[in-house]
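# Results of the structural survey
This is what each chain is made of:
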Amino acid sequence: MDERTELALKLQEIGAIKFGLFTLKSGLKSPVYVDLRLLISYPDALKLVAKLLAKKAESEKLEFDAIAGIPFAAISIATAVSLEKNWRMVFPRKEQKEYGTKVSVEGKYSKGETILVIDDLITTGGSKFEAIAPLEKEGLRVKDVLVLVDREQGGKKELLKENYRLHSVFKITELLELLNENGKIDSLLYDSAKEYFANPEKWGEGK
């Protein structure tokens, strides 16, 4: 079994992929919710996530001086990647400290350095812009964003408008396909999810 399939099955096993009716941060309704915050309780899964994210960064030949995890879900993920590859890490604060050093970016960095932004997943891309802003305000450069799961709901396109490139280990449809192929989700759930990702607005009518 290849590592992507192994991780897809592990995510399903730990309950990180949920089916039902959910409202996303973007306000969109969805029959699928990916909860990667659970990874902090499953070191083996977190370690595999870090390995595959690092492999993706290397295979895409991404150039950067340090990585940045987006609070809060991706702090543990980026830390695991940092430990996996010995890559220096920073992170943007959700709010600038009003005391002590009053920094908006934690960690060791120098102006002009290039930062690879890491997050758990992407939907529309809004939270990525919120995280990139303090990094750039500190004189850091961001060219690439790396996520475990791309929900394929416009995030890649929105990032590209601002000249940021998105890289993902899984597209959500690939993740669901792997679960379906391995008998981990029934055909009704799979078909409903496929229908949703083909046209979220139409699927959500009357939900």
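This text gives an overview of the structure that appears in the document. (Residues numbered from 1 in each chain as written. Predicted model: local features only at pLDDT ≥ 70, side-chain atom pairs only at ≥ 80, totals over all residues. Heavy atoms only, no water.)

## Concerning the overall build of the protein chain
The line we're drawing: Elements are defined by DSSP. Helices are runs of H or I of four residues or more, strands are runs of E of two residues or more, and each kind is numbered from the N terminus. Computation of the radius of gyration draws on C-alpha atoms alone. For the globule rule, the value is 2.2 Å times the number of residues to the power 0.38. Residue contacts are counted whenever heavy atoms from the two residues lie within 4.5 Å of one another. The accessible surface values rely on the Shrake-Rupley method and a 1.4 Å probe; as for residues, cover is taken only from the protein chains in view.
Along its length, the protein chain carries eight helices and eight strands. Scaling as 2.2 N^0.38, a compact globule of 207 residues should have a C-alpha radius of gyration of about 17 Å, and the protein chain matches this with 17 Å. Looking at the protein chain alone, contacts between residues at least 24 apart form 62% of all its contacts between residues at least 6 apart. Per element, the accessible surface of the protein chain, about 10700 Å² overall, is 47% carbon and sulfur.

## Quick word on the packing of helix H6 (residues 172–181) against helix H7 (residues 187–198)
Keep this limit in mind: All axes are obtained by fitting lines to C-alpha atoms, using only the stretch in contact for helices, and the reported angles, taken between N-to-C directions, cover 0 to 180 degrees. Every angle not falling under 35 degrees, over 145, or within 65 to 115 is termed oblique; those three ranges are roughly parallel, roughly antiparallel and roughly perpendicular. For this classification, the nonpolar set comprises Ala, Val, Leu, Ile, Met, Phe, Trp, Tyr, Cys and Pro, the charged set comprises Asp, Glu, Lys and Arg, and every other residue, Gly included, is treated as polar.
Two numbers describe how H6 lies on H7: the axes approach to 11 Å, and their chain directions differ by 170°. As far as their axial angle goes, H7 and H6 are roughly antiparallel. Here Ile172, Thr173, Leu176, Glu177 and Asn180 of H6 lie close against H7, whose contacting residues are Tyr190, Ala193 and Phe197. In terms of residue class, the contact of H6 with H7 is made up of five nonpolar, two polar and one charged.

## Overview of the environment of leucine 140
Filter applied, for reference: Partly exposed describes any residue whose relative accessible area lies between the buried limit of under 20% and the exposed limit of over 50%, with all areas from a 1.4 Å probe on protein chains only and scaled to the type maximum.
Considering the arrangement of structural elements, one finds leucine 140 in the loop between helix H4 (126–137) and strand S7 (141–150). We classify leucine 140 as buried; its relative accessible area is 4%. Residues leucine 140 and serine 110 lie 30 residues apart in sequence; the distance between their C-alpha atoms is 7.5 Å. When neighbours within four sequence positions are excluded, leucine 140 is seen to be in contact with Tyr109, Ser110, Glu113, Ile115 and Leu135.

## A closer look at the sheet that holds S7
Note the following rule: Following DSSP output, two strands are said to pair if at least two bridges run between them.
A sheet is described by the order of its strands in space; here six strands give the open sequence S5-S4-S3-S6-S7-S8, paired in mixed fashion. Two strands close off the open sheet at either side, each with one partner strand: strand S5 (105–106) and strand S8 (165–171). Pairing analysis gives four bridges linking strand S3 (residues 66–69) to strand S6 (residues 114–122), with the strands arranged parallel. In the strand pairing of S6, alanine 68 is matched with valine 117. Strands S3, strand S4 (89–92) and S6 of the sheet are contacted by helix H3 (residues 73–85), whose axis makes an angle of about 125° with S6.

## Side note on H7
Here is the rule: Expected helix span is computed as 1.5 Å times (number of residues minus one). Polar contacts, as used here, are pairs of N or O atoms within 3.5 Å; protein pairs need one atom able to donate a hydrogen and one able to accept it. Residues neighboring in sequence count only if both atoms are side-chain atoms.
If you check H7, its first and last C-alpha atoms are 16 Å apart, about what 12 residues at 1.5 Å a residue would give, namely 16 Å. Backbone nitrogen of leucine 188 and a side-chain oxygen of the N-cap are separated by 3.1 Å at the start of H7; the cap is aspartate 186.

## So, the pattern of salt bridges
Keep this limit in mind: We define a salt bridge as a side-chain nitrogen of Lys or Arg found within 4 Å of a carboxyl oxygen belonging to Asp or Glu.
Within this structure, the stated rule accounts for 10 salt bridges. Among the ionic pairs, lysine 55 bridges to glutamate 3, the shortest N-O distance being 2.7 Å. Here the residue lysine 55 occupies a position in helix H2 (residues 43–59), and glutamate 3 occupies one in helix H1 (residues 3–13), the gap between them amounting to 52 residues. Owing to a relative accessible area of 41%, lysine 55 belongs among the partly exposed residues under this scheme. In this structure, glutamate 113 engages arginine 88 in a salt bridge whose closest nitrogen and oxygen atoms are separated by 2.8 Å. Within this pair, whereas glutamate 113 is found in the loop between S5 and S6, its partner arginine 88 is found in the loop between H3 and S4, the two being separated by 25 residues in sequence. A relative accessible area of 15% places glutamate 113 in the buried class. Under the relative-accessibility criterion, arginine 88 is labelled partly exposed at 30%. Through salt bridges with shared partners, a single ionic network connects Glu3, Lys51 and Lys55.

Fair warning: the whole summary comes from geometry, so function is off the table for now.
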